[in-house]
Amino acid sequence: MLPQTLARGAIPSLDGIRAVSVAIVFFAHAGLSDAIAGGFGVTIFFFLSGFLITTLFIREWRDTGRIHIGKFYVRRFLRLSPPLFFTLGLGYLLVWLGFADGKFDALAVLSQLFYFHNYYLAAWPDAGSVVVGLQPLWSLSVEEHFYLLFPLIFLLFTRGKVGVLHILALLVAIVAWRYVRWQVLLDTEWTIYISTDTRFDSILFGCLLALLERDGVAGRFLPTDTRRLTPVLLGALVVLALSILARDVTFRSTLRYTVQGGALMVVFHYAVTRPDYWLFRPLNFGWVKTLGLYSYSIYLAHYVIIRILQKHGWFEGNAALFIAAAAIICIAYAAFLWHVIEAIPRRLRHRFA
């Protein structure tokens, strides 16, 4: 049985975690990459996607006895496509007007529209993304590939043909495959970082946590009282910090994502089941949750906005003012998309709930 905080309605802390994740990516791209690991923000996004989608599947199966995959894909399209299409169209227009840097390439455009941009960038790392600043779209490809595959895995899980042990075996197989690609095939760190077959486990760890929450396993193995909770949570945060600080390139391209996935299981468990804990209360502040709602559109556009500001030399020489201006523009743009462009698709999406 799902914990009470996961059983119905909005899941606590998730919007706040989205806000933190997009802030990590934004500040890294805004010039603070030496101090902030932007890639870790993407890993959190991946984990959250797996956890959320699996939890929603569990609810649907509990309430209806089935999973309506067709409606699921319609909901995903209505959620992801309107902001993406609008941002792509606006970005192409800005390049055509000379306001943004970029170069038209039909295959690149198709890769962005049909979610294979990660493999496009892996095959042609110097080709660019049509609009300079749209490179982060590689992560949408990974998520879309997950959306295509995981509903089948979940259906097999509900029918008893796939269990938690099978998912654990798949997680082991993926990290082994990363070692093969790194040590044998001599792939680059960048290629491993953006490829679906080497990053799928970052989403799968989130799926695994949701399944363990459903069975009550997570609650039995992780302490609930604050006195014992604190050192366990602190240990997970220390592991995450060490995984980010580690400089060994073999670790970074192979075991890092596995270590982070395991530690994030602990952090997410407490964030969604103990939102009253002092560390997670800020994640549920109203303004933080609002930024979480805007996070997808911020993620889509933030690097384009940053590169345009850099191209024209605006706020050059004042890093604080530059970051503040970029952040304000990103939030304003995301608010416009949320309240105007996404309004009708959002209402339509609820009809397919």
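Details of the structure are given in the entry above.
No experiment lies behind these values; they were computed from the predicted model shown.

*Asks:* Explain the overall build of the protein here, please?
*Replies:* Helices and strands together make up the secondary structure of the protein, namely 17 helices and zero strands. A globule of 353 residues ought to have a C-alpha radius of gyration of about 20 Å, and the protein, at 20 Å, matches this closely. Seen along its three principal axes, the alpha-carbon backbone of the protein occupies a region of about 55 × 50 × 40 Å. Split into buried and exposed, the 353 residues of the protein put 52% on the buried side. Summarising the internal contacts of the protein: among those between residues at least 6 apart in sequence, 75% fall at separations of at least 24. Accessible surface, the protein as shown: approximately 16,400 Å² in total, 68% of it carbon and sulfur. Here the protein holds 31 positive side-chain charges and 20 negative ones, and the gap between their average locations is 9 Å.

*Asks:* Looking at this model, I keep getting lost on the pattern of salt bridges. Mind explaining?
*Replies:* When charged atoms on two side chains of opposite charge get close, those side chains can pair. Per the counting criterion, the structure on display carries 13 salt bridges. Residue aspartate 197 is joined to arginine 181 by a salt bridge in which the shortest nitrogen-to-oxygen separation is 2.7 Å. Of this pair, aspartate 197 sits in helix H10 (residues 196-215) while arginine 181 is found in helix H8 (residues 164-184), placing the two residues 16 residues apart along the sequence. For aspartate 197, a relative accessible area of 26% puts it in the partly exposed group. Put simply, aspartate 276 and arginine 274 hold a salt bridge, and the shortest N to O gap is 3.2 Å. A cluster of three or more residues bridged by salt bridges with shared partners is formed by Arg8, Arg62 and Asp63.

*Asks:* Could you clarify how one ought to interpret helix H5 (residues 106-113) in this entry?
*Replies:* An α-helix turns once every 3.6 residues. As a result, residues three or four positions apart point the same way. Along H5, the residues that are buried comprise Ala108, Val109, Ser111 and Gln112. Taken down its axis, H5 places every buried residue within 160 degrees of arc, on the same side. In this fold, the buried residues of H5 make contact with helix H4 (69-96) and helix H6 (117-123). Directly after H5, the chain includes tyrosine 115, whose backbone phi takes a positive value near 60 degrees.

*Asks:* When you look at helix H7 (residues 138-158) in this model, what are you seeing that I'm missing?
*Replies:* With 21 residues, H7 ought to run about 30 Å at 1.5 Å a step, and its terminal C-alpha atoms sit 31 Å apart, in line with that. Within H7, 15 of the 21 residues are buried, which leaves it mostly tucked inside the rest of the structure. One or two positions beyond H7, positive phi appears at glycine 160, with a value near 80 degrees.

*Asks:* What is the right way to look at the packing of aromatic side chains in this model?
*Replies:* Centre distance and the angle of the planes are the two values used to describe a pair of aromatic rings. Going through the model one piece at a time under the given rule, you end up with 24 aromatic pairs. Measuring from ring centre to ring centre gives 5.9 Å for phenylalanine 46 and tryptophan 138, while their planes differ by 80 degrees; the resulting arrangement is edge-to-face. Placement of phenylalanine 46 in helix H3 (residues 38-64) and of tryptophan 138 in helix H7 is noted, with a sequence separation of 92 residues between them. For the pair shown, phenylalanine 46 and tryptophan 138 are each scored as buried. Judged by centre distance (5.4 Å) and plane angle (45 degrees), the ring pair of tyrosine 120 and tryptophan 124 falls under tilted. Overall, tyrosine 120 belongs to the buried group, its relative accessible area being 3%. We classify tryptophan 124 as partly exposed; its relative accessible area is 46%. Each member of the aromatic cluster is reached from another via a ring pair, and the members are Phe57, Phe72, Tyr73, Phe146, Tyr147, Phe150, Phe154, Phe157 and Phe200. For the cation-ring pair, arginine 346 lies above tryptophan 338, with the distance from its terminal atom to the ring centre recorded as 4.0 Å.

*Asks:* Is there a simple way to think about the packing of H3 against H10 in this case?
*Replies:* Angle between the axes and distance between the axes are the two parameters that describe a pair of packed helices. In contact at an axis separation of 7 Å, H3 and H10 are set at 40 degrees when each is read in the N-to-C sense. When the axis of H3 is compared with that of H10, the two are oblique. As H3 runs across H10, the sense of the crossing is right-handed. Residues Thr43, Phe46, Phe47, Gly50, Phe51, Thr54, Thr55 and Ile58 of H3 form the contact with H10, whose participating residues are Arg199, Ser202, Ile203, Phe205, Gly206, Cys207, Leu209, Ala210, Leu211, Glu213 and Arg214. Tallied by class, residues from the contact of H3 with H10 come to 10 nonpolar, six polar and three charged.

*Asks:* Whenever I open this one, the packing of H8 against H10 confuses me. Can you help?
*Replies:* Two numbers describe how H8 lies on H10: the axes approach to 9 Å, and their chain directions differ by 160 degrees. In terms of axis orientation, H8 runs roughly antiparallel to H10. Helix-helix and strand crossings are classified by hand; for H8 and H10 the assignment is left-handed. Only Asp197, Thr198, Phe200, Asp201, Leu204, Phe205, Leu208, Leu211 and Leu212 of H10 make contact with H8, whose side of the interface consists of Val164, Ile167, Leu168, Leu170, Leu171, Ile174, Trp177, Arg178 and Arg181.

Conventions and cut-offs
- Residues numbered from 1 in each chain as written.
- Predicted model: local features only at pLDDT ≥ 70, side-chain atom pairs only at ≥ 80, totals over all residues.
- Heavy atoms only, no water.
- Helix = DSSP H or I, 4+ residues; strand = E, 2+ residues; numbered from the N terminus.
- Rg over C-alpha atoms; globule rule 2.2 N^0.38 Å.
- Buried < 20%, exposed > 50% of the residue type's maximum accessible area, 1.4 Å probe, protein only.
- Contact = heavy atoms within 4.5 Å.
- Areas by Shrake-Rupley, 256 points an atom, 1.4 Å probe, with all protein chains shown as cover.
- Lys, Arg positive; Asp, Glu negative; His and termini not counted.
- Charge placed at Lys NZ, Arg CZ, Asp CG, Glu CD.
- Salt bridge = Lys/Arg side-chain N within 4 Å of Asp/Glu carboxyl O.
- Arc of directions from axis to C-beta.
- Expected span 1.5 Å × (residues − 1).
- Phe/Tyr/Trp six-rings, centres within 6.5 Å; stacked < 30°, edge-to-face > 60°.
- Lys NZ or Arg CZ within 6 Å of the ring centre and 35° of its normal.
- Axes fitted to C-alpha atoms, helices over the stretch in contact; angles between N-to-C directions.
- Parallel < 35°, antiparallel > 145°, perpendicular 65-115°, else oblique.
- Left-handed = near helix turned anticlockwise from the far one by under 90°.
- Nonpolar A, V, L, I, M, F, W, Y, C, P; charged D, E, K, R; others polar.

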